[in-house]
Amino acid sequence: MARFTLPRDLYHGKGALAELKNLTGKKAVVVVGGGSMKRFGFLDKAVNYLKEAGMEVALFENVEPDPSVDTVMKGAKMMQEFGPDWIVAMGGGSPIDAAKAMWVFYEYPDTSFEDLITPFSFPTLRTKAHFCAIPSTSGTATEVTAFSVITDYNKGIKYPLADFNITPDVAIVDPELAETMPAKLTAHTGMDALTHAIEAYVSTMHCDYTDPLALHAIKMIHNDLKKSYDGDMDARDRMHNAQCLAGMAFSNALLGIVHSMAHKTGAAYSGGHIVHGCANAMYLPRVIQYNAKVESAAVRYAEIADFIQLGGNTVEEKVAALVAEIKAMNEALNIPKCIKDYEGGIIDEKEFMDKLSQVATLAIGDACTGSNPRIPSQEDMEKLLKACYYGEDVDF
Ligand code: FE
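Residues numbered from 1 in each chain as written. Predicted model: local features only at pLDDT ≥ 70, side-chain atom pairs only at ≥ 80, totals over all residues. Heavy atoms only, no water.

Chemist: Describe the overall build of the protein chain, naming the residues involved and giving the relevant values.
Modeler: For the protein chain, the helix and strand inventory stands at 16 helices and eight strands. At 20 Å, the protein chain has a C-alpha radius of gyration in line with the 21 Å of a compact globule built from 396 residues. The C-alpha extent of the protein chain, read off along each of the three principal axes, is 60 × 45 × 45 Å. A total of 396 residues make up the protein chain; the buried ones form 57% of that total. (Helix = DSSP H or I, 4+ residues; strand = E, 2+ residues; numbered from the N terminus. Rg over C-alpha atoms; globule rule 2.2 N^0.38 Å. Buried < 20%, exposed > 50% of the residue type's maximum accessible area, 1.4 Å probe, protein only.)

In structure tokens form, the structure reads like this:
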């Protein structure tokens, strides 16, 4: 038996934000990030639509990137005092992820993060509020997923929360919000979305319900990401849908070790963070080469190559064509080849090698490893990470 869960309603297309005025309720809390939604006028619009719906509205602003446990607890406390029956989260992945966790602690004030780390073990939500998510970036697809990542900065731990209870009730995928993204963010979030779709397609949890979503997302991203990066706003609009389709696929099929490695290398080094989407983009070609040693995975990658018409006669040639195409996309998007070249070399080689074994162990233990088509040994993972550091091809 398997389960497939998505939001009950999804409104898409330009102007979809106005659907907020058709929500039924008494009180709404709007959760937003650092200010771009306010600057571009979308926050005011959202608040006005909710007021048109007859709701009293309160704001929770300034959710930081990589939202903290403290922010979540502050938001939950504010919700307990205000008593909303709608939580409306808008912005990039961070405010939406934070609001999902606030929702849990709003409905269950006595629970703790430790209680929530076992995947798919959450208490039943929607006893106090429903949840509407409005993304402004085209990548994480948190508006349709069962996931949220919260960071405990005191303990240096990231809590990956996973449960269909936190899949939003309503998603509003309005491309006008994504038109505000700068080019670099467009590239990184777009390659994150491509990684979601490819990992979902080859995941051991993939099924007939997730496959078409993943394939169509891959085709759209392949066609539109570079154009969107270059400022073509029609392509940007389509990318907003494509990333959402990829999210529907991976929320139900789960991911693989590109994400395991991106999660555990992201904040491991003193030189700086490796941005999530950029890490995925750099690691994806090498992980495909590694996973393709498993025949059944190679066949799935070849199907992707066929679907986007990359040519090749044998499975091996098709997998090679897919790897080459992703490398070419990265180059066109000005994404570095490898960690060594990342942001002018901020990740120190010696520190990377010193931490190699520890980071490899953590990556193997990541929640995304279990659904990868090939389970890496410690030695494999260390070799993979090294290949990602130096930008080498993988043949083991
Ligand atoms: Fe991701």
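Further notes follow.
Chemist: So, the packing of aromatic side chains: which residues are in play, and what are the values?
Modeler: Scanning all chains against the criterion turns up 10 aromatic pairs. For the ring pair Phe4 and Tyr209, a centre distance of 5.8 Å and an interplane angle of 40° mean the geometry is tilted. Within this pair, whereas Phe4 is found in the segment before β1 (9–12), its partner Tyr209 is found in the loop between α7 (183–202) and α8 (211–229), the two being separated by 205 residues in sequence. Plain terms: the ring middles of Phe352 and Tyr389 are 4.5 Å apart, the flat faces sit at 35° to each other, and that makes the pair tilted. With Phe352 in helix α14 (residues 349–354) and Tyr389 in helix α16 (residues 378–390), the pair connects residues that are 37 residues apart, well separated along the chain. (Phe/Tyr/Trp six-rings, centres within 6.5 Å; stacked < 30°, edge-to-face > 60°.)

Chemist: Could you give an account of the coordination of the iron ion, with specific residues and numbers?
Modeler: Only Asp192 (OD), His196 (NE2), His259 (NE2) and His276 (NE2) from the protein coordinate the iron ion, and they sit 2.1 to 2.2 Å from it. One can describe the site at the iron ion as irregular: its four donor atoms subtend angles covering 82 to 167° at the metal. For Asp192, a relative accessible area of 4% gives the class buried. (Donors = N, O, S within 2.8 Å, 3.2 Å for Na, K, Ca; no water. Tetrahedral: all angles 85-135°; square planar, octahedral: opposite > 155°, others 65-115°.)

Chemist: Can you explain the packing of α7 against helix α13 (residues 315–332)? Please cite residues and give values.
Modeler: Taken N-terminus to C-terminus, the directions of α7 and α13 make an angle of 165°; their axes are 12 Å apart at the nearest point. Considered as vectors, α7 and α13 are oriented roughly antiparallel to each other. Judged by the sense of rotation from one axis to the other, the crossing of α7 with α13 is left-handed. Facing α7, whose interface residues are Met191, Leu194 and Ile198, α13 presents Ile326, Met329 and Asn330. A class-by-class count of the residues in the contact of α7 with α13 yields five nonpolar, one polar and no charged. (Axes fitted to C-alpha atoms, helices over the stretch in contact; angles between N-to-C directions. Parallel < 35°, antiparallel > 145°, perpendicular 65-115°, else oblique. Left-handed = near helix turned anticlockwise from the far one by under 90°. Contact = heavy atoms within 4.5 Å. Nonpolar A, V, L, I, M, F, W, Y, C, P; charged D, E, K, R; others polar.)

Chemist: Lay out the pattern of salt bridges in plain terms, naming residues and giving numbers.
Modeler: Taken as a whole, this structure holds 18 salt bridges when the rule is applied. Among the ionic pairs, Arg300 bridges to Asp211, the shortest N-O distance being 2.8 Å. Of the two residues, Arg300 is situated in helix α12 (residues 295–307) and Asp211 in helix α8; the sequence distance between them amounts to 89 residues. The same class applies to Arg300 and to Asp211, which are both buried. With a shortest N-O distance of 3.1 Å, Asp306 and Lys318 are connected by a salt bridge. In this pair, Asp306 sits in helix α12 while Lys318 sits in helix α13, placing the two residues 12 residues apart along the sequence. Judged by relative accessible area, Asp306 falls into the partly exposed class, the value being 38%. Each of Lys14, Glu179 and Asp237 takes part in a single network of salt bridges with overlapping partners. (Salt bridge = Lys/Arg side-chain N within 4 Å of Asp/Glu carboxyl O.)

Chemist: Now, about the state of the cysteines: what can you tell me, with residues and values included?
Modeler: Under the criterion given, the structure shown has zero disulfides. Free of any disulfide, Cys368 has its nearest neighbouring cysteine sulfur in Cys388, separated by 15 Å. Exposure remark for Cys368: the relative accessible area of 11% places this residue in the buried category. Assessed through its relative accessible area of 0%, Cys388 is described here as buried. (Disulfide = S-S within 2.5 Å.)

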